[in-house]
Amino acid sequence: MDLLPFDALPAHKPRRFVPQGIDLGDWSQIAPLFDQLEGRAPACATAAGLERWLLDWGELNAAIDEESSKRYIAMTCHTDNAEAEKAYLHFVEHVEPQLKPRQFKLAQTYVAHPLRQRLPKERYAVFDRDTQLQVELFRPENVPLETEEARLSQQYQKLSGSLTVQFRGEEKTLIQMGRYLEETDRALRQEAWELVANRRLQEMEKFEEQFEQLVKLRTQIARNAGFGNYRDYAFRKLGRFDYTPADCEKFHAAVEAEVMPMVAELQAERRRQLGVRTLRPWDLAVDPLNRPPLRPFEQVDQMVSRTQEVFGRLDPDLAAGFQRMQDLRLLDLANRKGKAPGGYQSTLAEARVPFIFMNAVGLQRDVETILHEAGHAFHALATRAEDLYAYRNAPIEFCEVASMSMELLGNEFLEKFYATPEANRARRVHLEGIVNIFSWIATVDAFQHWIYTHPGHTRAERTAAWVALMDRFGGEVDWSGYEAARANLWHRQLHIFIHAFYYIEYGIAQLGALQVWANSKRDKADALNHYKRALALGGSRPLPELFTAAGCNFEFSQKTVAPLVRLVRGELARLPAER
Ligand SMILES: [Zn+2]
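Below you will find a few notes about this structure. In this text, all values refer to a predicted model and were calculated from it rather than measured experimentally.

**What about the overall build of the protein?**
Okay, so step 1: Across its full length, the protein holds 22 helices and five strands.
Okay, so step 2: The C-alpha radius of gyration of the protein comes to 25 Å, within 12% of the 25 Å expected for a compact globule of 579 residues.
Okay, so step 3: C-alpha atoms of the protein, sized along the principal axes, occupy 75 × 55 × 50 Å.
Okay, so step 4: Partitioning the contacts of the protein with sequence separation of at least 6, the portion at a separation of at least 24 is 76%.
Okay, so step 5: A total of about 25700 Å² of accessible surface is found on the protein, and carbon and sulfur atoms cover 51% of it.
Okay, so step 6: Distance from the positive charge centre (73 side chains) to the negative charge centre (80 side chains) of the protein: 2 Å.

Below, the structure written as structure tokens:
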């Protein structure tokens, strides 16, 4: 596939089960391998035989996973190439749907296997727990409901993505309008903000109806699986073995008690700097001192070499990992025509190496992205020696510790990109972003807890519940005249519609990242050793153990949050604001 930025990568280990030369885009060649695995399982007469079977299953999964990643990478690097698009869609339409039932069958086979109990307990505890859960939660009557849920989710995305406004004679998507909120001209910001808010309000009915259908479906899915409400079901389905709704409620309370005073302080400072009487919703994204954007680099190779220097200051192993990615051309970073938007890290599961994609244009946001995605890449590199495929991936709550820690740790060396005043400005923006996102995470999470534990609520009750959360976590923003926009603000949060309950993960991970950073301030080498050791565990241990290995507490109450907020407040006080 010459549409890939890198050359053919050798498999980390020679294949033992999947034939060389197999076409992994052709289901008729893959299916016999699933047949073989199914057929072989009963004949596994020893624990060692069953372990071999698990490794073969993992080898097949890794090969399929890598095929899927390569097709996705080729497509996103060449959106204008019809072949690349066709190859990716072929995989999504003809291979993925076939995989799902076959994987489920193997999971069932494994869970029912008489020798499973004889495998080393400690080693297989997490894998067993996850596989058993998958089997337990399955209900054939939920299959059509889940298909319907996916259809409705897609409708939400279609509606959201289709909205445009006429702005100064041009049609603009709502995403394109976002950048006008960073303009220093206040009247222009207001105009842009109002257009977007009003456009969303025009679709209010549709968003509400879509959401109500989704809630109804989800409630039914939960009932079919034997749960009293969808919240309890979602906690199981998302594999949240190690924290409960009550822990999330503690997080909400901690954000209210510890983070909100800090939000208020930052907003008061912003108001003073902007010289405005009250902060309006369109005053939140602009640089409060009206400075032009930061320019960390001109060329993308400068970004790469400076990032390399940052890792060189942090840790020799991380620096070597990033260098290796450059040597293997596992980075496609520059924005250019024909590239999909955004950024991601993807792991080539068979070669066991990471790939980073982004669209760098020379902004501070790009530096944040490369540090973040490099954190994910270090995670992939750290788990290379793990042979059980499932354990080469950690739960999302910890994956984001790997990436968010790297943002905080890397920011210590931003002088590789800037003179000190600009480096401090970038640090301030980053830390303020962390403070503010905590309040939004608490809002979005608490809202969903309310939704799914209040079956049969009316639309008015739902709106009132949201408004109460905006009062609790919205800070001191003056919404007068825009009450309807405030009451419907959640319509823009995609997760609420299409990934129910998936959001607090980012809050949990940020608490971990802040702890890693706090540790590094006491002893950098020790903090990084913990970080690397925790990454190397991949997904082989439960979340609390991954956090402990990283030197963090897996706990989200005030006890954990308070000292972290103190740390951020102290840092911000140290960084001069006006320059
Ligand atoms: Zn991430």
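**Remarks on the coordination of the zinc ion**
Okay, so step 1: Protein-derived ligands of the zinc ion are H372 (NE2), H376 (NE2), E400 (OE) and E400 (OE), with the metal-ligand distances lying across 2.1 to 2.6 Å.
Okay, so step 2: Taken together, the four donor atoms surrounding the zinc ion define angles of 53 to 139° at the centre, an arrangement classified as irregular.
Okay, so step 3: Between consecutive donor residues of the zinc ion, the sequence gaps follow H-x3-H-x23-E. Remark: E400 occurs in helix α14 (residues 396-410) and H376 occurs in helix α13 (residues 364-382); sequence separation between them is 24 residues.
Okay, so step 4: By relative accessible area, H376 is classed as buried at 12%.

**Some points on the packing of aromatic side chains**
Okay, so step 1: For the structure on display, the rule yields 42 aromatic pairs.
Okay, so step 2: When the ring of F211 is compared with that of F497, the centres are 5.4 Å apart and the planes differ by 65°; the resulting orientation is edge-to-face. Of this pair, F211 sits in helix α8 (residues 204-224) while F497 is found in helix α18 (residues 494-498), placing the two residues 286 residues apart along the sequence.
Okay, so step 3: Among the residues examined, F211 registers a relative accessible area of 0% and is labelled buried.
Okay, so step 4: Measuring from ring centre to ring centre gives 4.8 Å for Y344 and F357, while their planes differ by 10°; the resulting arrangement is stacked. One end of the pair, Y344, is in strand β4 (residues 344-348); the other, F357, is in strand β5 (residues 353-360), and 13 residues separate them in sequence. With respect to class, Y344 is no different from F357; both count as buried.
Okay, so step 5: Taken together, the ring pairs in this structure connect F227, Y230, Y233, F235, Y243, F398, Y452, F501, F547, F554 and F556 into an aromatic cluster.

**Regarding the packing of helix α1 (residues 27-40) against helix α2 (residues 47-77)**
Okay, so step 1: Interaxial distance between α1 and α2 falls to 11 Å at its minimum, and their mutual angle equals 165°. As far as their axial angle goes, α2 and α1 are roughly antiparallel. For the element pair α1 and α2, the recorded crossing hand is left-handed. On α2, the residues touching I30, L33, F34, L37 and R40 of α1 are R52, W53, D56, W57, L60 and I64.

**Points about the pattern of salt bridges**
If charged atoms from side chains of opposite charge come close, those side chains can pair.
Okay, so step 1: Here the structure, examined in full by the defined rule, presents 53 salt bridges.
Okay, so step 2: Among the ionic pairs, E350 bridges to R15, the shortest N-O distance being 2.6 Å. Within this pair, whereas E350 is found in the loop between β4 and β5, its partner R15 is found in the segment before α1, the two being separated by 335 residues in sequence.
Okay, so step 3: Of the residues examined, R15 reaches a relative accessible area of 21% and is grouped as partly exposed.
Okay, so step 4: Ionic pairing is found between E212 and R462, a salt bridge with its closest N-O pair at 2.6 Å. In this pair, E212 sits in helix α8 while R462 sits in helix α16 (residues 459-473), placing the two residues 250 residues apart along the sequence.

**Concerning unusual backbone geometry**
Okay, so step 1: Positive phi outside glycine occurs at R352, with the angle close to 55°.
Okay, so step 2: Topologically, R352 is positioned in the loop between β4 and β5.
Okay, so step 3: The backbone of F501 sits at a positive phi, close to 70°, despite the residue not being glycine.
Okay, so step 4: Under the relative-accessibility criterion, F501 is labelled buried at 0%.

About the thresholds
Residues numbered from 1 in each chain as written. Predicted model: local features only at pLDDT ≥ 70, side-chain atom pairs only at ≥ 80, totals over all residues. Heavy atoms only, no water. Helix = DSSP H or I, 4+ residues; strand = E, 2+ residues; numbered from the N terminus. Rg over C-alpha atoms; globule rule 2.2 N^0.38 Å. Contact = heavy atoms within 4.5 Å. Areas by Shrake-Rupley, 256 points an atom, 1.4 Å probe, with all protein chains shown as cover. Lys, Arg positive; Asp, Glu negative; His and termini not counted. Charge placed at Lys NZ, Arg CZ, Asp CG, Glu CD. Donors = N, O, S within 2.8 Å, 3.2 Å for Na, K, Ca; no water. Tetrahedral: all angles 85-135°; square planar, octahedral: opposite > 155°, others 65-115°. Buried < 20%, exposed > 50% of the residue type's maximum accessible area, 1.4 Å probe, protein only. Phe/Tyr/Trp six-rings, centres within 6.5 Å; stacked < 30°, edge-to-face > 60°. Axes fitted to C-alpha atoms, helices over the stretch in contact; angles between N-to-C directions. Parallel < 35°, antiparallel > 145°, perpendicular 65-115°, else oblique. Left-handed = near helix turned anticlockwise from the far one by under 90°. Salt bridge = Lys/Arg side-chain N within 4 Å of Asp/Glu carboxyl O.

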